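Geometric and topological summary
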Amino acid sequence: LAKTTQPISMDSYEGQEVNITCSHNNIATNDYITWYQQFPSQGPRFIIQGYKTKVTNEVASLFIPADRKSSTLSLPRVSLSDTAVYYCLVGSYSGSARQLTFGSGTQLTVLP
Amino acid sequence: DAGVTQSPTHLIKTRGQHVTLRCSPISGHKSVSWYQQVLGQGPQFIFQYYEKEERGRGNFPDRFSARQFPNYSSELNVNALLLGDSALYLCASSLDGLAGGGTDTQYFGPGTRLTVL
């Protein structure tokens, strides 16, 4: 089964770039790495997804090294509204049974 | 377009009771997954269903069961409720393109808050 590790918390100031890393072993060969944002009492919201190298969309970038044992979510110029918990999600297999494993989550606090 | 919907939004039960939670996926999505999120922790995978078949199961006791219907909606059932079952139960749907080398991007509903007294 995949095992994921994230920093518990991070603080940043408005306008700064924030990088959050997730370590994940045993990710399935053909599986993607997905990052989510979650506010209290809400469902996780999709941010970005990638397989390897670098992916960029309008809100974030995702860096995945060749060995795919980690990934780094990059949030450019964060604002107060980016204060939330950020999770990585990876897929793996136990035999033929699919497993979906969330990281423990990183509480990002953006300060004025 | 409607996202993933879940019902009810909140639920209060007592120990030993049974509960059924419901989920409707995004139109066109054939896979539904269930997660339990205890306060202060990350979501824990319970089940994934694809085309009405169980594709995967997390480390949960047999008190937890689920099924997927022909219209791809799903139910999660929990028997003999314990205080520790109090949590936010999340449902996610996906197109599930894994078979074709695509992705299994999970899109989440708002969750059902279950409180067991």
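Cut-offs used in this document
- Residues numbered from 1 in each chain as written.
- Chains lettered and ligands numbered in written order.
- Predicted model: local features only at pLDDT ≥ 70, side-chain atom pairs only at ≥ 80, totals over all residues.
- Heavy atoms only, no water.
- Pairing = 2+ DSSP bridges.
- Helix = DSSP H or I, 4+ residues; strand = E, 2+ residues; numbered from the N terminus.
- Axes fitted to C-alpha atoms, helices over the stretch in contact; angles between N-to-C directions.
- Disulfide = S-S within 2.5 Å.
- Buried < 20%, exposed > 50% of the residue type's maximum accessible area, 1.4 Å probe, protein only.
- Contact = heavy atoms within 4.5 Å.
- Buried area = accessible area lost by both parts, 1.4 Å probe.
- Salt bridge = Lys/Arg side-chain N within 4 Å of Asp/Glu carboxyl O.
- Polar contact = N/O pair within 3.5 Å; in protein donor to acceptor, adjacent residues only side chain to side chain.

1. A few points about the sheet that holds strand E1 (residues 5-7) of chain B
Residues and elements named next belong to chain B. Pairing is antiparallel across the open sheet formed by 4 strands, whose spatial order is E1-E3-E8-E7. Among the strands making up the open sheet, the edge pair consists of E1 and strand E7 (64-68). Sheet twist, expressed as the average angle between the axes of neighbouring strands with direction ignored, equals 15 degrees. Here 3 bridges tie E1 to strand E3 (residues 19-24), and the two strands are oriented antiparallel to one another. Residue pairing for E3: Gln6 is matched across the bridge by Cys23.

2. Re the state of the cysteines
In total, this model carries 2 disulfides over all chains according to the counting rule given. A sulfur-sulfur distance of 2.0 Å marks the disulfide that ties A:Cys22 to A:Cys88. Disulfide A:Cys22-A:Cys88: torsion about the S-S bond near 45 degrees, hence right-handed. With A:Cys22 in strand E3 (residues 18-25) and A:Cys88 in strand E9 (residues 84-94), the pair connects residues that are 66 residues apart, well separated along the chain. Neither A:Cys22 nor A:Cys88 differs from the other in exposure class; each is buried. Disulfide pairing places B:Cys23 opposite B:Cys91 at an S-S distance of 1.8 Å. Taking the sign of the torsion about the S-S bond as the criterion, the disulfide between B:Cys23 and B:Cys91, at about -65 degrees, is left-handed.

3. Quick notes on the interface of chain A and chain B
Every contact between the two is made by 22 residues of chain A and, on the other side, 25 residues of chain B. Surface buried jointly by chain A and chain B totals about 1700 Å² across both partners, of which 56% is contributed by carbon and sulfur atoms. Its largest share of buried area at the contact with chain B, chain A owes to A:Arg98, A:Leu100 and A:Phe102, together 33% of the area lost on that side. Our count for the contact surface shared by chain A and chain B stands at 0 salt bridges. In this structure, the connection of chain A to chain B is made through 8 residue pairs in polar contact (both at pLDDT 80 or more).

4. Regarding the environment of B:Cys91
Residues and elements named next belong to chain B. On the secondary structure map, Cys91 appears in strand E9 (residues 87-94). Considering only alpha carbons, one finds Cys91 and Gln48, 43 residues apart in sequence, at a separation of 9.6 Å. If we ignore the near neighbours within four places in the chain, the residues touching Cys91 are Val4, Gln6, Cys23, Val32, Ser33, Trp34, Tyr107, Phe108 and Gly109.

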